[in-house]
Amino acid sequence: MWRILSLTLIGVLPLFAGLKNLTLDHALDLLDKKNIEIKVAQFDEVMKKYDELAVEGKNWGSATITLQALRSNDAGNVFGFKLQSREATFGDFGAQEFMTNSGLCQGGDQQACSDMYNKPPHELNYPAPRNHFVTKINYQVPIYTGGKLTEYKKITRKLYEMSKLDTRKLRDEKIFQVKKAFYNITLVERYVYNLRKIRRNMLKLKRTILEMKKEGYTKKTDVLEIEARLAKVDSMLNQARLNRDLAYQFLSFLLDTKVDSIRKVHLVIHAPRINKRNIERLSLDIQKAKMGLEVARHAIATEKANFLPMVGAFAEYGSADNTLWNDFAKKDFFTIGMQFKLNVFNGGSDKAKLEKARVRHMKVARQVELARKGIALKVQKLQTAIRSLEYDLRSEQKQLNLAREVYRTYEAKYKEGLASITDVLIKQSIELQVLLEYLQVANKHSEKVFELEKILDMGGRS
């Protein structure tokens, strides 16, 4: 029984295991393949592409097949049915009754003479019910629309391209989050490593204190102080581990794949070099704003088309009979024609729409200008912040080196009886505080660098 259970567990456990030692490049590959939000954005792209194809298809017109099945005893309908079926005769007009009354009238029947001119034909006004089946094939095609269909196609094309930019922008955001998660995990790992190192030193110091206490060189409070500090470090370690677990959970969510461990990244991140001329070329927001300006320009041309004629052609072919598809070729019919349509007056509505499109074009033009200046300003602010944080990082690193050296010096002094345990723990607290400040500055620096990459669509594999 236990053997079977063990084999079952061995087979099941790998199903719950996550990726181990995951590299950043592999994570970015998984992001493209498995991130749900990116997949949703890609579906939006496909729908926009079908919008473009739908507009393009209107240039080829439309063909429909219609089948009607009717039954009526309405005099007008029945006579129309016979006409469309090519079966109408003079008898349908009451000619047979007229000729009968005419013969009787010539024989001296006065009533027949009167009915011949005054009594409506019964067969014409009260026909028997008749079935009618009509099959039609209809084709309509636009010949000239004033350029409206052409402009609509250009608009839907630009909207499709804009949706692709939206997907790229979303992808940049997710890349930013993945890189940030990798960097945060690496920072926490470094923090945990330093805390463990500090804890080991404290344990050594505690052993030293206990040995010195046996010889009567230390006080009981020294032991209590070191134990209290150890408890504080253990609490900080536990909090750091929880933060690391949260970072792994978020990374697993982004990749839609469980991640157990990563390959740590370099903490020294270099900001991309960029100049003003490249900002407009790289920024997705500026590219999208410029596409929006083109859409607004095409919208003006679309409204202008309302002042131009619309020309279309149509053709219809079919057959009708009181029996479905009976003698189709003998009773077929066709109709072809063209239509010319020109709007000469609609109360100024088209004029108002045209002016609105022109105003919108001017508005979008200003938005493009605003996007250019806004993105340039944002890039400059990020570059300034990055340079400032680089100076802070160098300063914090020196402060951390100094704090560690001071702590080691006071630890040695304590062992020689030249410093109190309180002095040693104060210096250790200073080392921890400086370490935290260094990691916070490093975190801010990485966030600004990744944000700059995101704005300039440079985060893919850099």
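Residues numbered from 1 in each chain as written. Predicted model: local features only at pLDDT ≥ 70, side-chain atom pairs only at ≥ 80, totals over all residues. Heavy atoms only, no water.

Asker: I keep staring at the overall build of the protein chain and nothing clicks. Help me out?
Answerer: If you tally the helices and strands in the protein chain, you get 13 helices and four strands. The C-alpha radius of gyration computed for the protein chain amounts to 44 Å, which surpasses the reference 23 Å derived for 462 residues by more than 25%, pointing to a less compact arrangement than a globule. Structurally, the protein chain occupies a C-alpha span of about 160 × 75 × 30 Å along its principal axes. Each of the 462 residues in the protein chain was classed as buried or not, and the buried ones make up 35%. Summed over its atoms, the accessible surface of the protein chain is roughly 28500 Å², and 57% of this surface lies on carbon and sulfur atoms. Taking the average place of the 79 positive charges on the side chains of the protein chain and the average place of its 55 negative ones, the gap between the two points comes to 8 Å. (Helix = DSSP H or I, 4+ residues; strand = E, 2+ residues; numbered from the N terminus. Rg over C-alpha atoms; globule rule 2.2 N^0.38 Å. Buried < 20%, exposed > 50% of the residue type's maximum accessible area, 1.4 Å probe, protein only. Areas by Shrake-Rupley, 256 points an atom, 1.4 Å probe, with all protein chains shown as cover. Lys, Arg positive; Asp, Glu negative; His and termini not counted. Charge placed at Lys NZ, Arg CZ, Asp CG, Glu CD.)

Asker: Please explain the sheet that holds strand β3 (residues 310-321) as it appears in this structure.
Answerer: Within a sheet, adjacent strands bond to each other through the backbone by hydrogen bonds, running parallel or antiparallel. With antiparallel pairing, the four strands of this open sheet are ordered in space as β1-β2-β3-β4. Both outer strands of the open sheet, β1 (62-72) and β4 (332-341), are each paired with one neighbouring strand and no more. On average, each strand axis in the sheet is inclined to that of its neighbour by 20°, with strand direction left out of account. Bridging between β1 and strand β2 (residues 130-144) involves 11 bridges; their strand directions are antiparallel. Residue pairing in the sheet places Thr64 in a bridge with Asn138 of β2. Relative to β2, helix α4 (residues 75-84) is tilted by about 65°, and along the sheet it contacts β1, β2, β3 and β4. (Pairing = 2+ DSSP bridges. Axes fitted to C-alpha atoms, helices over the stretch in contact; angles between N-to-C directions. Contact = heavy atoms within 4.5 Å.)

Asker: Any chance you could explain the packing of aromatic side chains here in plain terms?
Answerer: Two numbers describe a pair of aromatic rings. These are the distance of the centres and the angle of the planes. Per the stated rule, a full pass over the model turns up three aromatic pairs. Ring centres 6.5 Å apart and planes at 25° place the aromatic pair Phe250 and Phe253 in the stacked group. Here Phe250 pairs with Phe253, and both are found in helix α9 (residues 220-255), just three residues apart, close to one helical turn. A relative accessible area of 36% places Phe250 in the partly exposed class. Of the residues examined, Phe253 reaches a relative accessible area of 57% and is grouped as exposed. Taking NZ or CZ as reference, Lys413 lies 5.0 Å from the ring centre of Tyr410, over its face. Positioned above the aromatic ring of Phe176 is the side chain of Lys454, whose terminal nitrogen or guanidinium carbon lies 4.6 Å from the ring centre. (Phe/Tyr/Trp six-rings, centres within 6.5 Å; stacked < 30°, edge-to-face > 60°. Lys NZ or Arg CZ within 6 Å of the ring centre and 35° of its normal.)

Asker: Quick question: what am I supposed to make of unusual backbone geometry here?
Answerer: The bulk of non-glycine residues show a negative phi, and the bulk of peptide bonds are trans. Residue Asp327 is not a glycine yet carries a positive backbone phi of 50°. Within the element layout of this structure, Asp327 appears in the loop between β3 and β4. By relative accessible area, Asp327 is classed as partly exposed at 39%. Unusually for a residue other than glycine, Asp457 sits at a positive phi of about 55°.

Asker: Explanation requested: the packing of α9 against helix α13 (residues 421-455) in the structure shown.
Answerer: Each pair of packed helices can be summarised by the angle the axes make with each other and by the distance between the axes. In contact at an axis separation of 10 Å, α9 and α13 are set at 15° when each is read in the N-to-C sense. As summarised for this structure, α9 and α13 are arranged roughly parallel, according to the angle between their axes. Both α9 and α13 take part in a crossing whose hand is left-handed. Here Asp222, Glu225, Ile226, Arg229, Val233 and Met236 of α9 come into contact with α13, specifically with Ile421, Thr422, Leu425, Gln428, Ser429, Leu432 and Leu436. Partitioned by chemical class, the residues of the contact of α9 with α13 number seven nonpolar, three polar and three charged. (Parallel < 35°, antiparallel > 145°, perpendicular 65-115°, else oblique. Left-handed = near helix turned anticlockwise from the far one by under 90°. Nonpolar A, V, L, I, M, F, W, Y, C, P; charged D, E, K, R; others polar.)

Asker: Help me understand the environment of Asp74 in this model?
Answerer: With respect to the helices and strands, the residue Asp74 is situated in the loop between β1 and α4. Sequence separation between Asp74 and Met458 is 384 residues, and the spatial gap between their C-alpha atoms is 76 Å. Within the local environment of Asp74, its side chain forms a polar contact with the backbone nitrogen of Gly76, the two atoms lying 3.0 Å apart. (Polar contact = N/O pair within 3.5 Å; in protein donor to acceptor, adjacent residues only side chain to side chain.)

Asker: I keep staring at the confidence of the model for the protein chain and nothing clicks. Help me out?
Answerer: If pLDDT is low for a region, its predicted coordinates should not be looked at in detail. The pLDDT averaged across the protein chain works out to 87; a share of 94% of its residues lies at or above 70. Per-residue pLDDT stays below 50 along residues 9-15; that stretch engages in zero contacts with residues further than four places along the chain or on separate chains. (pLDDT = per-residue confidence, 0-100.)

Asker: Can you walk me through the nonpolar core in this structure?
Answerer: Side chains that are nonpolar tend, in soluble globular proteins, to be buried together. In terms of nonpolar packing, the biggest core is built from 56 residues, with Leu205, Ile279, Val379 and Leu456 touching the most fellow members. When near neighbours in sequence (up to four residues on either side) are disregarded, Ile279 contacts Ile274, Ile286, Ile375, Ala376, Val379 and Leu456. Residues Leu22, Ala27, Leu28 and Val178 belong to the second largest nonpolar core, which totals 18 residues. (Core = buried A, V, L, I, M, F, W, Y, C linked by side-chain atoms within 4.5 Å.)

Asker: How should the pattern of salt bridges be read in this particular structure?
Answerer: When the charged atoms of two side chains with opposite charge come close together, those side chains can pair. A complete count under the given rule lists 29 salt bridges for this structure. One salt bridge in this structure joins Glu294 and Lys158, with 2.7 Å as the shortest N-O distance. On the criterion of sequence distance, the pair formed by Glu294 in helix α11 (residues 284-304) and Lys158 in helix α8 (residues 148-214) is long-range, its members being 136 residues apart. The salt bridge involving Lys373 is made with Glu369; its shortest N-O contact spans 3.3 Å. Remark: Glu369 and Lys373 occur in helix α12 (residues 349-415); sequence separation between them is four residues, near one turn of the helix. Judged by its relative accessible area of 55%, Lys373 falls in the exposed class. One salt-bridge network, in which partners are shared between bridges, spans Lys49, Glu52, Lys153, Arg157, Lys158, Glu161 and Glu294. (Salt bridge = Lys/Arg side-chain N within 4 Å of Asp/Glu carboxyl O.)

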